[in-house]
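Topology and contacts: notes
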Amino acid sequence: MKMINTSEQILDVEKIRQDFPILQREINGKPLVYFDNAATSQTPKAVIDCIVDYYENKNANIHRGVHSLSQIATDAYENARETVRKHFNAKSANEIILTAGTTHSINLVANGYSHFLKSGDEILVSAMEHHSNIVPWQMLCNKTGATLKVIPMLNNGELDLQVFDDLLSERTKMVFVNHVSNALGTINPIEEIINKSHKVGAKVLVDGAQAAPHLKADVQALDVDFYTVSAHKICGPTGVGMLYGKEELLNELPPYQGGGEMIAEVSFEKTTYAGLPHKFEAGTPNISGGIAFGAALDYMNAIGFDKIADYEMQLLVYATKALEEIEGVRIYGAKPEKKTAVLSFNIEGIHPYDIGTLLDKMGVAVRTGHHCAQPIMSFYKIPGTVRASFSFYNTISEIDVFISALKKAKSMLS
Ligand code: 7TS
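Residues numbered from 1 in each chain as written. Predicted model: local features only at pLDDT ≥ 70, side-chain atom pairs only at ≥ 80, totals over all residues. Heavy atoms only, no water.

Digging into the overall build of the chain
- Check the secondary structure of the chain and you find 14 helices and 17 strands.
- Relative to the compact-globule value of 22 Å for 414 residues, the chain shows a C-alpha radius of gyration of 22 Å, a close match.
- In terms of overall dimensions, the chain has a C-alpha envelope of 70 × 55 × 35 Å along the principal axes.
- Across the 414 residues of the chain, 55% fall into the buried class.
- Here the contacts in the chain between residues at least 6 apart in sequence split such that 72% fall between residues at least 24 apart.
- Taking the average place of the 38 positive charges on the side chains of the chain and the average place of its 47 negative ones, the gap between the two points comes to 3 Å. (Helix = DSSP H or I, 4+ residues; strand = E, 2+ residues; numbered from the N terminus. Rg over C-alpha atoms; globule rule 2.2 N^0.38 Å. Buried < 20%, exposed > 50% of the residue type's maximum accessible area, 1.4 Å probe, protein only. Contact = heavy atoms within 4.5 Å. Lys, Arg positive; Asp, Glu negative; His and termini not counted. Charge placed at Lys NZ, Arg CZ, Asp CG, Glu CD.)

Some remarks on the domain arrangement of the chain
- Looking at the assigned domains, one finds that the chain contains domain 1 (13-43 + 304-413) and domain 2 (48-302).
- For domain 1 versus domain 2, the distance between C-alpha centres works out to 28 Å.
- Between domain 1 and domain 2, the residue contacts involve 37 residues of the former and 37 residues of the latter.
- Between Glu-158 and Lys-338 there is a salt bridge; the shortest N-O distance is 3.4 Å. (Domains from an automatic or database assignment. Salt bridge = Lys/Arg side-chain N within 4 Å of Asp/Glu carboxyl O.)

Here's the deal with the side chain of Ser-126
- Tracing the sequence through the fold places Ser-126 in strand S5 (residues 122-126).
- Judged by its relative accessible area of 2%, Ser-126 is buried.
- For Ser-126, the side chain forms a polar contact with the side chain of Glu-129, separated by 2.5 Å. (Polar contact = N/O pair within 3.5 Å; in protein donor to acceptor, adjacent residues only side chain to side chain.)

Description of empty space enclosed by the protein
- Overall, the coordinates contain 3 cavities of 30 Å³ or more when judged by the stated rule.
- Looking at the largest cavity, its volume works out to about 110 Å³.
- For the lining of the largest cavity, the residue count by class is 8 nonpolar, 6 polar and 2 charged.
- Summarising the domain contributions, the lining of the largest cavity has at least three residues from each of domain 1 (13-43 + 304-413) and domain 2 (48-302). (1 Å grid on protein atoms, 1.4 Å probe; cavity = no way out; pocket = protein on both sides within 12 Å on 5 of 7 lines; lining within 4 Å. Points joined across faces, edges and corners; volume = space filled by probe spheres on them. Nonpolar A, V, L, I, M, F, W, Y, C, P; charged D, E, K, R; others polar.)

Digging into the site of the ligand
- Around the ligand there are 15 residues in total, and Thr-103, Asp-207, Gln-210, Ser-230 and Arg-367 lie nearest to it.
- Note that an oxygen atom of the ligand is positioned 2.8 Å from one of the side-chain N or O atoms of Asn-182.
- Protein contact buries 86% of the 490 Å² of open area that the ligand shows by itself.
- Placement of the ligand is best described as lying within the largest pocket.
- Looking at the shell around the ligand residue by residue, the class counts come to 3 nonpolar, 8 polar and 4 charged.
- When we break the shell around the ligand down by domain, the ones giving at least three residues each are domain 1 (13-43 + 304-413) and domain 2 (48-302). (Near = heavy atom within 4 Å. Areas by Shrake-Rupley, 256 points an atom, 1.4 Å probe, with all protein chains shown as cover. Sits in = over half its atoms within 2 Å of the grid points.)

Looking at the layout of surface pockets
- For the largest pocket, the calculated volume is near 220 Å³.
- Considering the residues around the largest pocket, the lining is formed by 18 residues, among which His-130, Ser-132, Ala-209, Gln-210 and Lys-233 are closest to the centre.
- Taken together, the residues that form the lining of the largest pocket break down as 4 nonpolar, 10 polar and 4 charged.
- Counting contributing residues per domain, the lining of the largest pocket is built from domain 1 (13-43 + 304-413) and domain 2 (48-302), each supplying no fewer than three.

Topic: the environment of Thr-103
- Positionally, Thr-103 belongs in helix H4 (residues 102-113).
- Among the residues examined, Thr-103 registers a relative accessible area of 43% and is labelled partly exposed.
- A sequence separation of 51 residues divides Thr-103 from Leu-154, and the C-alpha atoms of the two residues are 26 Å apart.

Dropping the structure here:
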């Protein structure tokens, strides 16, 4: 991430905030300051309108009706898939599986590879993963006898790439790493990890859930094998997301779930499966969600990911400096230039939950706890952190409110 002068006006944030109805509301009698964007982003009117428009004007089941409404819904859904394909620069729409989100996407791949791995095979997972990029692989190892090995992390919130080099061998079949850590915001060097993994013949799944709100990943340039995203972290609705997979790899994987829409032909003797992407999309999907996922990407692209990243860096640098001036604060993780707009911290002698509760009373929403990344908390030997995560619709004056609320909370709890 590049460093930015804090006084430069990069975005017209006041105008952008008008697009988000929820940002106008109060919480506990105070204007909402929403700093829990890493858990889920807020939803712009364009995306809400898209969902309403679907139910008012397009609602029908897709890929099955000869009637016009079904065709209209199908076209809208497939157009959204094309928007997602373009955004991540996949070669073909067959490589874009619309799932329920990152957790679903990872489980789909883990289930598929459970048919191929065997005892003696190794898979590597980073020490800074969300539980959804740990538990499915443990389940896969239990099923297959493969061994899970951990790429450790360093005190500065980065991965230990020297140990990664040592762990890689011809036994390594798969490597799992997030593009950006949800608990710390670290941007991991996935290009290097992908290149080195490919040299030993291992496949790489990158969990892009926390990267997608802040930067645009190009799956072809990265040469990544699988990439996962949740729409609700990029201004879209919950319950929908993407699994990108290289076409030849997705073709090799068996279906995850059986049901309608994923078949070519069914008889009681034998069923043949549909081609990509439908082979992995059994049942009626989240149709309005898929269409709104496309609308969310259109909305963010109209603002521009370069501008979003630069503006969020201004917020992060400003907030980091203000936070560091409070006595007893320890910030976990990398320096601003190596991470996205996340501040994970503690105040000496105070439980993160108590800080979060008092901040909430003052209208400031942050997440507290282990952030579904318990191994990171174990590494730092702490029960959890307070996590403030920023988005392009947050402002410097909201950070001022947060900092003064934090000082107040500290004095009440000390
Ligand atoms: N991977 C990462 C890196 C995440 O941050 C999350 C959700 C997931 C996977 C799971 O995504 P889902 O949409 O399938 O639930 N992270 C968080 C978080 O940090 N706070 O709440 C949810």
